[in-house]
Structures are given as structure tokens and as C-alpha cells.
Amino acid sequence: MKIEISPLEKGAEKAYGTAVIIDVFRAFSLEAWLFAKGAEKIYTIGNEADAYALKEKYPQAVLIGERHGKILPGFDFGNSPSSLGCYDFSGKTILHTTTNGTQGIAAAAHAKHILVVSLVNAKATAAMAKSWQEDITIVPMGWEGRETEEDQLCADYLKALLENRKFPDLKKQAEDLRYSEGKKFFDPKQQDVFPEGDFAMCIEPDIFDFAMEVKQEGKWLVCRKKSISSLI
């Protein structure tokens, strides 16, 4: 079983076997929180026009997404985990489109399996990926075409998990992201787009014990929560 890290959309395009798509700030942290809050399924949509069209078709679905960090017009939520508050997502269908993470899913067209991941469910995701015994491509998506520290950290941690290696100081490295890519969450001028509350909700390792798998359903890519209890 070959394991490699291949960043950005071009990395996703090269993925065969199992593609593990990473977006820590914030797409797949958000999706993990949505499943933890009871969401049934998440349509991962690359094109915002398709998101609006699906909302017309499924008016009860929750429309979530951003471009360049900012909530899209007419959407119910942006890409902010802390904005979810106490909203009850039980049984809800989510329509989700983002600048980076969902684009990586769309690019991974050659992969047999697609998992999406953040630090919050990395260990569970590694267990699911390992169970398929296929070559694994880990794809840190970065931000608008450039590599970022938080996605690289998650990629390195996943690779260590898959290779049964120890990974020292993970929590400290995650917390130190506030001084690099995470500093936007502490900028008073950006709180409307990157609220401070999002940072902690994205960097706490392994708080969720499920993986998230994306499969083609008709013409759409749909993400569902996958229990790993049978793998432990």
C-alpha cells in the first residue's frame, strides 16, 4: 500500500485508489460538525450555480457555502462552524460549496474512494482509509491555490497514523497555527468572515470518531458519515 502526500487540486487530479481530501480551515471541519449535529447527508458542490439550482429542487435543504471566505448571497450559513450555534440539523440535507475543499472532491475523479477530513476526525479517517488496503493519496487543499500550514499539518499527521508512527506535539502544533494561517481568526477586522470561535472548532484533534465518505449519487457527489466502530 503506497501512501503519498500530493497537494492542491493537481494532487487530487492524480489520486487513484483512495483520495483523502483535507480542508481544516474550514470546509471539512464544518462538515464534521454538521454530522455531529445530526445532518443526514451533504451534497458537496463545486459550482455555486449548481448549489442554487439544487436549493430550488430541494427547498428544505440547508444551503451552506462561501467564496473567498464570505457567505454567498441567499445562503443560510457561511463556512463557519461557530455560526451553526444551537441549530438542529437532525435529518437535514446540506448543500455545501466552498472555495477549496469541495473543489478538491470534484477534482478527484479518478479515485475509487474519496474521504474528506480535518484534524477533528483524522484518526477515524486513517482507520477507514487503511481498511480498504489501497494506495492512498493525501491531498491538503490549501487556500486559493497555495499550500497552507494547517492542511499540511493534518496531512503529516494522517501519514504518520497510516504508517503507525508516533506524531509528537500535535496539539501544540495545532494551537500554534494561530500565528500562521490561523491568525485571521484573531484579526478584529475579519471577525465577520473568520470569527475567532471557528479556530478552536477546527484545530482540536480527533474529537469525532467517524469518517466522511463521498460517493457519486446520480450526477451529484454526496458525503455521508461513516462509522468506524467495526474497524476498532
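This text follows the structure it describes.
For every chain, the first residue of its written sequence is number 1, and the numbers climb from 1 along that sequence. Where totals are concerned, whole chains, interfaces and linings use all residues; where local detail is concerned, this predicted model gives features only for residues with pLDDT of at least 70, and gives and counts side-chain atom pairs only at 80 or more. For side-chain calculations, the full set of non-hydrogen atoms in the structure is used, while hydrogens and water are omitted.

> How should the overall build of the chain be read in this particular structure?
Scanning the chain from N- to C-terminus turns up 8 helices and 10 strands. The globule rule used for comparison is 2.2 Å times the number of residues to the exponent 0.38, while the radius of gyration itself is calculated over C-alpha atoms. Compactness check: the chain gives a C-alpha radius of gyration of 16 Å against a globular reference of 17 Å for 232 residues, within 12% of the reference. Once the C-alpha set of the chain is aligned to its principal axes, its extents read approximately 45 × 45 × 35 Å. Taken across its 232 residues, the chain has 55% of its residues classed as buried. Any two residues whose heavy atoms approach within 4.5 Å at even a single point are treated as in contact. Long-range pairs, those at least 24 residues apart, make up 75% of the contacts in the chain between residues at least 6 apart in sequence. Throughout, the Shrake-Rupley method with a 1.4 Å probe supplies accessible areas, and for residues the shown protein chains are the sole cover considered. Carbon and sulfur atoms make up 50% of the accessible area of the chain, which amounts to about 10,300 Å² in all. Charge separation in the chain, taken as the distance between the mean sites of 29 positive and 34 negative side-chain charges, equals 3 Å. Segments assigned H or I by DSSP are reported as helices when at least four residues long, segments assigned E as strands when at least two residues long, and all are numbered from the N terminus. The buried label applies to any residue whose accessible area, calculated with a 1.4 Å probe on protein chains only, is under 20% of its type's maximum; exposed applies above 50%, and partly exposed to all values in between. The convention is simple: Lys and Arg are positive, Asp and Glu are negative, and His and the chain ends are not counted. By convention, charge coordinates are those of NZ in Lys, CZ in Arg, CG in Asp, or CD in Glu.

> Help me understand the sheet that holds strand 6 (residues 93-97) in this model?
Note on sheets: strands pair through backbone hydrogen bonds, and any given pair is parallel or antiparallel. Two strands form a pair only when DSSP identifies at least two bridges running between them. An order of 1-8-2-7-9-10-3-6-4-5 is seen for the 10 strands of this open sheet, with the pairing classed as mixed. Each edge of the sheet is formed by a strand with only one pairing partner; in this case those strands are strand 1 (3-5) and strand 5 (70-71). Bridging between strand 7 (residues 113-117) and strand 9 (residues 210-217) involves 2 bridges; their strand directions are antiparallel. The residue of strand 9 that forms the bridge with L115 is E213. Those strands touched by helix 6 (residues 149-162) are strand 1, strand 2 (18-22), strand 7 and strand 8 (136-140), and its axis lies near 160° from that of strand 8. Here, axes are lines fitted to C-alpha atoms. For helices the fit covers the stretch in contact, and angles between N-to-C directions go from 0 to 180 degrees.

> Would you mind showing me how to read unusual backbone geometry here?
Going from F25 to R26, the amide bond is cis rather than trans, its omega being 15°. Structurally, the position occupied by R26 is in the loop between strand 2 and helix 2 (27-36). For Q133, which is not glycine, the phi torsion reads 55° and is therefore positive. Position of Q133 among the secondary structure elements: in the loop between helix 5 (122-131) and strand 8. Residue classification places Q133 among the exposed positions, given a relative accessible area of 58%. Phi at N164 is positive, roughly 55°, even though this residue is not glycine. Structurally, the position occupied by N164 is in the loop between helix 6 and helix 7 (170-175).

> Mind showing me how you'd approach the side chain of S29 here?
Here S29 shows up in helix 2. Using a relative accessible area of 0% as the deciding quantity, one classes S29 as buried.

> I would appreciate a short explanation of the packing of helix 5 against helix 6 in the present structure.
At a minimum axis separation of 9 Å, helix 5 and helix 6 run at an interaxial angle of 50°. One way to sum up the angle between helix 5 and helix 6 is to call them oblique. In the packing of helix 5 onto helix 6, the handedness of the crossing is right-handed. Two secondary-structure elements touch here, helix 5 through A122, K123, A126, A129 and K130 and helix 6 through Y157, L158, L161 and L162. Counted by class, the contact of helix 5 with helix 6 contains 7 nonpolar, no polar and 2 charged residues. Angle categories are assigned with fixed cut-offs, so that under 35 degrees is roughly parallel, over 145 is roughly antiparallel, 65 to 115 is roughly perpendicular, and the rest are oblique. Crossing chirality is assigned from the near helix's rotation relative to the far helix, an anticlockwise turn below a right angle marking it left-handed and a clockwise turn marking it right-handed. For this scheme, ten residues count as nonpolar: Ala, Val, Leu, Ile, Met, Phe, Trp, Tyr, Cys and Pro. Four count as charged, namely Asp, Glu, Lys and Arg, and the remainder, Gly too, count as polar.

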